[in-house]
Amino acid sequence: MKTFVVLMGAPGAGKGTQAKRLQVSLGLPQVATGDLFRANLKNETALGKLARTYMDKGELVPDEVTVAMVQDRLSQSDCEGGAILDGFPRTTAQAEALDELLEEFSAKIAVVPFIDVNQDVLVERLAKRAEIEGRADDNEETIRVRMEVYRSETAPLLNYYKEKGLLVKVNGEQSIDEVTADLTNVVQKVM
Ligand code: AMP
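A.B. asks: Please clarify how the pairing of strand E4 (residues 109-116) should be interpreted in this entry.
C.D. replies: The two faces of the sheet receive side chains in turn, since in a regular strand these alternate between them. With 7 of 8 residues buried, E4 lies mostly within the body of the structure. Inspection of the sheet shows strand E1 (residues 3-7) paired to E4 by 2 bridges, in the parallel sense. Of the residues in E4, the one forming a bridge with Val5 is Val111. As defined by bridge partners, E4 adjoins strand E5 (residues 167-171) across 5 bridges and the pair is classed as parallel. Residue pairing across strands places Ile115 opposite Val170, the latter belonging to E5.

Structural data, given as structure tokens:
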């Protein structure tokens, strides 16, 4: 059976940290679109150059470009048993494209865990991450744009998945270990 998990959460909710941990606890590869874009950026590919113009501003890379990149990644053999999607989909168009893509693979989304964290805590965490990791898009202005993009483009997906009966909320304000344990439980139930 294939297990495709869509990990949802606002910027700073801990998606990346948790997806890396779930990769180990569940044995499914993490497919993080932000990481894929950053790898392209580092290797100075055409895709990376294009993505940079959006990432630097905190805006979303166009859907066609993002979906094509995900399609390519999910077609690789390590994703045959499924994957943990981190940072994708971020728009309704991407979510619909993902449904179609998975249908081609005779698969479906197994569950959509949502790491729930209060807005004030998010802003605090992102500011801290900016200090520690020095991510280029973690400055005050891009953080503000990314939050706004999340609110207007990505948050509506919570309803999209809720209506499909796939959304499961997890308290993201617990310790990192506790969040991992909850998420592992949620996914193992559907594996
Ligand atoms: P992340 O590491 O997930 O915070 O992503 C960093 C940046 O990469 C985002 O601010 C966007 O510019 C871009 N990006 C990542 N995932 C997507 C996506 N699914 N759709 C569009 N742009 C994305």
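Having seen the model, we can carry on.
A.B. asks: Is there a simple way to think about the packing of helix H5 (residues 92-104) against helix H8 (residues 156-163) in this case?
C.D. replies: Packed helix pairs are characterised by how far apart their axes lie and by the angle those axes make with each other. H8 packs onto H5 with a crossing angle of 35° between their chain directions and a minimal axis gap of 9 Å. The segment H5 lies against H8, with Thr92, Ala95, Glu96, Leu98 and Asp99 engaging Leu157, Tyr160 and Tyr161. Partitioning the contact of H5 with H8 into residue classes produces 5 nonpolar, 1 polar and 2 charged.

A.B. asks: Explain the sheet that holds E5 here, please?
C.D. replies: To summarise the sheet geometry, strands pair through backbone hydrogen bonds and adopt either a parallel or an antiparallel arrangement. Taken in spatial order, the 5 strands of this open sheet run E2-E3-E1-E4-E5, and their pairing is parallel. Because the sheet does not close on itself, it has two edges, and the strands there are strand E2 (30-32) and E5. On average, adjacent strands in this sheet sit at an angle of 25° to one another, irrespective of strand direction. Here E1 pairs with strand E3 (residues 82-86) via 5 bridges, running parallel. The residue of E3 that forms the bridge with Val5 is Ile84. On the sheet, H5 packs against E1, E3 and E4 and is oriented at approximately 145° with respect to E4.

Conventions and cut-offs
- Residues numbered from 1 in each chain as written.
- Predicted model: local features only at pLDDT ≥ 70, side-chain atom pairs only at ≥ 80, totals over all residues.
- Heavy atoms only, no water.
- Buried < 20%, exposed > 50% of the residue type's maximum accessible area, 1.4 Å probe, protein only.
- Helix = DSSP H or I, 4+ residues; strand = E, 2+ residues; numbered from the N terminus.
- Pairing = 2+ DSSP bridges.
- Axes fitted to C-alpha atoms, helices over the stretch in contact; angles between N-to-C directions.
- Contact = heavy atoms within 4.5 Å.
- Nonpolar A, V, L, I, M, F, W, Y, C, P; charged D, E, K, R; others polar.

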